Amino acid sequence: MPDGRTTPPDYLGLAGEYDPTSAEFAELRELLLGEERRQLAALQQRVEAQSKNAEEVAELLPEAIALRSGRDRQLARALAPTMESAISESVRRNPREIATAIFPVLGPAIRKALAETMAALVESINRAVEHTFSFRGLAWRLEAWRTGTPYAQIVLKHALVYRVEQVFLIHAETGLPLGHAASPDLKSSNADLISGMLTAIQDFVSDSFRQQEDGRLRTFSVGELTVLVEAGPQAVLAAVVRGQPPDTLLRKLQDRLETIHLQFAAAFADFSGDPAPFEAARPLLEECLETVLSHDRPRAARPRLAWLRWAVPLVLLGGALAGLAWRSQRRWANAVARLEAEPGIQIVQARRSLGTWRFRGLKDPLAAQPAVILAGLGADTTGLDARWEPYLSLEPSLVVARARQALAVPATVTLRLGGDTLHAEGEAPLGWVARADGLSLLPPGFSVLDTRAVAAKLPADLTALRNRIEAELVLFEVGSALVAPEERGVLDSLATAFRGLQSGTRTFGYRADLALYGRTDSTGSDALNQTLSQSRVEAVSGVLVRAGIPAERLKGIPLGTANPLTGRDSLQQARLNRSVAFQVQVTREPPR
Amino acid sequence: MIQKKVCMVGLFGTGKTSLVQQFVHSIFSVKYHSTVGVKIDRKAVDVDGTPVTLVLWDLAGRDAAQDIPASYLRGSHAILFVVDGTRRETFDQLSELQELARAAAGEVPSLVALNKADLAEQWVLGQREEAALAAQGRHLLKTSAKSGDGVEAAFSWLARETIRDGGSAS
């Protein structure tokens, strides 16, 4: 729009006649919108007034605050609740902001509190140790008792590095005291006199040595006391110190004095002898009252032989520790050697650290348990950290053990490894021997199992049969080799028993043989008797063969009068020896 | 408690120390005069119910060998000049001392104590001298260290003056 004016759309068909400045239009507007226009104007006025007021207030606010704050504390009281809730709201919303803001204040305060606490703790421990066990401690107790002074004060007197006993804040021009702080145990009501004298002395020194303002007396000592004087334009801060004040104390005084000058500038200007306005400076003075004890006292001050007090227990302790270490080392070496010697255990890595024994290695499943071995050596196995990978050891003892387990070797059989042959000896059931001999796959460690020395032990039923057979004795008349008719029945049942024995042993691969021992009594010649015993064996064999016993299973052993049986008397003995006796022999069936 | 510094000034032997000895609290011995040149005492005074502590700087008497250190006078709220009524020269040098005091402490209330009033027969000061002082606007008071006459009055007057003069601001 070139003229910046808006032409409304022609709703009413007034185009061409429309002039917003005409009187008619104004009237129309008044008629239609008069009330609303007035309200609008009033509202606008209010809005403008408000922003104008805000501007004015903004202009005046700082001054107003300064003015009112100077007059009374109403403003602070009025603002306090708002400030408090503003701060708590701010903390609630973003604690980080406030934390960052107050950190510079809190940090040093916390550090200081911690440092002081720690220092006090260390100092009290040090002193307790130092004084409890030392000759000096005893001497001090004696001194306390002798002088009637409390022990604590004696300790303080001796252990003191320095102690600020009094602090004077003195008006520089008049020498009048503005403030005074003293240790609680000091009762001095002469602060005014001392302040005056201190000022006089300052002046005296300055005048006497023609020093200018900046060259004032700062320190002087009397016996155990040192007076530190820090002078400012309006006031002097003097500290009476017992002991050796450090440089830091002077800096502290400077700092406090500067603070006082800053905070009490108005009070200094108005000062005319009334120290009341400076009462507020008392905390600053009291801060300067400090006591530092000798927890960091130079070593030279200690008796020359003091180290002995520490050296003896230290040497003892060191010796004890070395002894323990040596014992521990020896026990460890023992344990390692013992495990290395143990069959079936191979140590790959053995390491010892504090309270822990660490082993890595190989272990045959049949080897002894390492933990048990170590426990047997008296080692504490709770700290044992061991990992063993299983492997098969060819150590003879383990080969034997493994064979014993794999072959279910009876306890009555002992095993012995010779080269690659495992020799078995003793007595074993027929079944076991048969099974062992029949094995095609042997456990590792040997390739031949020799069971020849193992006596076959018959099962119970076969044992009964054998016992029956061996209990029989076929008797003969004097000089006769004729089997009596009543003996034939005995021989028949014997043959039956033997056949049973034969078939029983055969199932295990064994063969039963029957030995027949022919005997004679002692009468007659040996040659005759030998022949007679032979005849008797043959007679019995004939009966048994006829009863179905294969002749090759029978072995005749004519003894003659050799190896006779014994009887109750000679008559009975002669009778017993005119006989044939039996013995069952169970042997392995020779391989076919 | 309002405190005021009051200097006592006079020639050697005018009896300043003796004058106040019985009336003040002191912790320092007389030998301070010969060492530091000043001895400080305290005197509590009551001015119409207001307790005032006067810290008295008892300055060593001036003699040929020793001048009064101006620095001691600095900041005084009042000055007590002491003249020995039996020794003329102590009076003669008064104006010199007053000048010294004004230079160091400014215009402060002061009182001239004409001491040793008990030695009437040796008294050398007459009406003329007293009138001359009064004419200068000096306040005079006869005192006696021996009898104690005038001492309390001197302190009371000084205390009152310091309160009226400089104490109004505090």
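Residue numbers here run from 1 along each chain, matching the order of that chain's written sequence. The lettering of chains begins at A and the numbering of ligands begins at 1, in the order of writing. Per-residue local features of the predicted model are confined to residues with pLDDT of at least 70, and side-chain atom pairs are confined, for both listing and counting, to 80 or more; whole-chain, interface and lining totals are unaffected and use all residues.

### What to know about the overall build of chain B
Put simply, DSSP marks the helices as runs of H or I at least four residues long and the strands as runs of E at least two long, and each gets a number from the N terminus on. A tally of helices and strands in chain B yields seven helices and seven strands. Seen in sequence order, chain B has helices and strands lined up from the N terminus as β-α-β-α-β-β-α-β-α-α-β-α-β-α. Three exposure classes are used. Buried residues have 20 or more other C-beta atoms within 10 Å of their own C-beta, exposed residues have 12 or fewer, and partly exposed residues fall in between, all C-beta atoms being placed from the backbone. Burial statistics for chain B: of 170 residues in total, 46% are counted as buried. Counting only contacts in chain B whose residues sit at least 6 apart along the sequence, the fraction spanning at least 24 positions is 74%. By the criterion used throughout, residues are in contact when their C-beta atoms, derived from the backbone, lie within 7 Å.

### Considerations on the overall build of chain A
If you tally the helices and strands in chain A, you get 17 helices and 16 strands. Looking at the 592 residues of chain A, the share that counts as buried comes to 24%. Of the contacts made within chain A by residues no fewer than 6 positions apart, 63% connect residues no fewer than 24 positions apart.

### Description of the confidence of the model for chain B
All names here are of chain B. Mean pLDDT over chain B works out to 84, with 95% of the residues at or above the 70 mark. pLDDT is a per-residue confidence score from the predictor, ranging from 0 to 100. Note that residues 166-170 has pLDDT below 50 and, in this model, 13 contacts with residues that lie over four places away or in other chains. Interface predicted TM-score (ipTM) for the complex: 0.82; the corresponding pTM is 0.43.

### Describing the interface of chain A and chain B
Every contact between the two is made by 20 residues of chain A and, on the other side, 25 residues of chain B. Looking at the side of chain A that touches chain B element by element, the count peaks at 10 residues for helix α6 (residues 191-208) of chain A. Just so you know the grouping, Ala, Val, Leu, Ile, Met, Phe, Trp, Tyr, Cys and Pro go in nonpolar, Asp, Glu, Lys and Arg go in charged, and all remaining residues, Gly too, go in polar. Considered class by class, the residues forming the side of chain A that touches chain B number seven nonpolar, seven polar and six charged.

### Some remarks on helix α16 (residues 526-546) of chain A
Residue and element names in this part refer to chain A. For a helix, the expected span equals 1.5 Å multiplied by the number of residues minus one. For α16, which comprises 21 residues, the first-to-last C-alpha distance of 30 Å matches the rise-based estimate of 30 Å (1.5 Å per residue) to within 8%. Residues of α16 that are buried include every one of Asn529, Leu532, Ser533, Arg536, Val537, Val540, Val543 and Leu544, and no others. All buried residues of α16 fall inside an arc of 135° around its axis, so they share one side. Of the exposed residues in α16, those oriented more than 90 degrees away from the buried face are Ala527 and Arg546. Turning to α16, the residues buried within the fold contact β13 (473-475), α15 (485-506), β14 (510-519), β15 (554-560) and β16 (579-588). Immediately beyond the C-terminal end of α16, within one or two residues, lies Gly548, with a positive phi of roughly 105°. This arc describes the spread of directions from the helix axis toward the C-beta atoms.

### A word on the sheet that holds strand β3 (residues 38-47) of chain B
All names here are of chain B. Taken in spatial order, the seven strands make up an open sheet running β2-β3-β4-β1-β5-β6-β7, and their pairing is mixed. Looking at which strands have only one partner, the edges of the open sheet turn out to be β2 (25-26) and β7 (139-142). Alignment of strand β5 (residues 78-84) against strand β6 (residues 110-115), held across six bridges, turns out to be parallel. Note on β6: the bridge partner recorded for Ile79 is Ser110. Between the N-to-C directions of two axes lies an angle of 0 to 180 degrees, each axis being a line fitted to C-alpha atoms and, for a helix, fitted only over the stretch in contact. This element, helix α5 (residues 94-105), spans β1 (2-10), β5 and β6 of the sheet and lies at about 165° to β5. Should DSSP find at least two bridges between two strands, the strands are taken to pair.

### Concerning the sheet that holds strand β8 (residues 356-363) of chain A
Adjacent strands of a sheet pair through backbone hydrogen bonds, lying either parallel or antiparallel. Residues and elements named next belong to chain A. An order of β7-β8-β9 is seen for the three strands of this open sheet, with the pairing classed as mixed. One side of each edge strand has no neighbouring strand; the edge strands of this open sheet are β7 (345-353) and β9 (384-390). This sheet shows a mean twist of 10° between the axes of neighbouring strands, independent of strand direction. Here seven bridges tie β8 to β9, and the two strands are oriented parallel to one another. Bridge pairing links Leu362 to Glu389 in β9.

### Topic: the pairing of strand β10 (residues 413-418) of chain A
Residue and element names in this part refer to chain A. Alignment of β10 against strand β11 (residues 421-429), held across six bridges, turns out to be antiparallel. Bridging across to β11, Leu417 finds its partner in Leu422. With antiparallel pairing between neighbouring strands as the criterion, β10 and β11 make up a hairpin whose turn holds two residues, including Gly419 at a positive phi of roughly 65°.

### As for helix α4 (residues 135-147) of chain A
Residue and element names in this part refer to chain A. Taking 1.5 Å per residue, 13 residues should reach 18 Å; α4 reaches 18 Å between its end C-alpha atoms and fits that length. Burial within α4 is sparse, with just zero of its 13 residues counted as buried. Phi turns positive one or two residues past the end of α4, at Gly148, with a value near 70°.

### Considerations on the pairing of strand β2 (residues 177-182) of chain A
For a regular strand, side chains alternate in direction, first toward one face of the sheet and then toward the other. Along β2(A), five of the six residues are buried, which leaves the element largely enclosed by surrounding structure. If you look at the hairpin formed by strand β1 (residues 160-171) of chain A and β2(A), you'll find five residues sitting between the two strands, and Gly175(A) has a positive phi there, around 75°.

### Notes on the packing of helix α14 (residues 460-471) of chain A against α15(A)
All names here are of chain A. Taken N-terminus to C-terminus, the directions of α14 and α15 make an angle of 145°; their axes are 9 Å apart at the nearest point. For the crossing formed where α14 meets α15, the hand is left-handed. When α14 is examined against α15, the residues Asp461, Leu462, Leu465, Arg466, Arg468 and Ile469 are found in contact with a partner set consisting of Leu494, Ala497, Phe498, Gly500, Leu501, Gly504 and Thr505. Here the residues of the contact of α14 with α15 sort into seven nonpolar, three polar and three charged. Note on convention: near helix rotated counterclockwise from far helix by under a right angle means a left-handed crossing. Clockwise means right-handed.

### A closer look at the packing of helix α1 (residues 23-71) of chain A against helix α2 (residues 74-93) of chain A
All names here are of chain A. α2 packs onto α1 with a crossing angle of 115° between their chain directions and a minimal axis gap of 7 Å. With respect to each other, α1 and α2 are oriented roughly perpendicular. Residues Ile65, Arg68 and Ser69 of α1 pack against Gln74, Leu75 and Ala76 of α2. A breakdown of the residues in the contact of α1 with α2 according to their chemical character gives three nonpolar, two polar and one charged. When an angle is under 35 degrees it counts as roughly parallel; over 145 it counts as roughly antiparallel; between 65 and 115 it counts as roughly perpendicular; any other value is oblique.

### So, the confidence of the model for chain A
Taken over all residues, the pLDDT of chain A has a mean of 83, while the share at 70 or more is 89%. Here residues 296-301 of chain A scores under 50 on pLDDT; set against residues more than four positions off or in separate chains, the count is one contact.

### Thoughts on the environment of Arg88(B)
All names here are of chain B. Its place among the elements puts Arg88 in helix α4 (residues 88-92). Residue Arg88 is classed as partly exposed on the basis of its C-beta count, with 13 C-beta atoms lying within 10 Å. Sequence separation of Arg88 and Leu125 is 37 residues, and the distance between their C-alpha atoms is 7.1 Å.

### A look at unusual backbone geometry
All names here are of chain A. In this model, Ala408 sits at a positive phi of 50°, which is unusual for a non-glycine residue. Take Ala408: it is sitting in the loop between α12 (396-406) and β10. Judged by C-beta crowding, with 9 C-beta atoms within 10 Å, Ala408 ranks as exposed. Notably, Asn563 is not glycine yet its phi reads approximately 50°, a positive angle.

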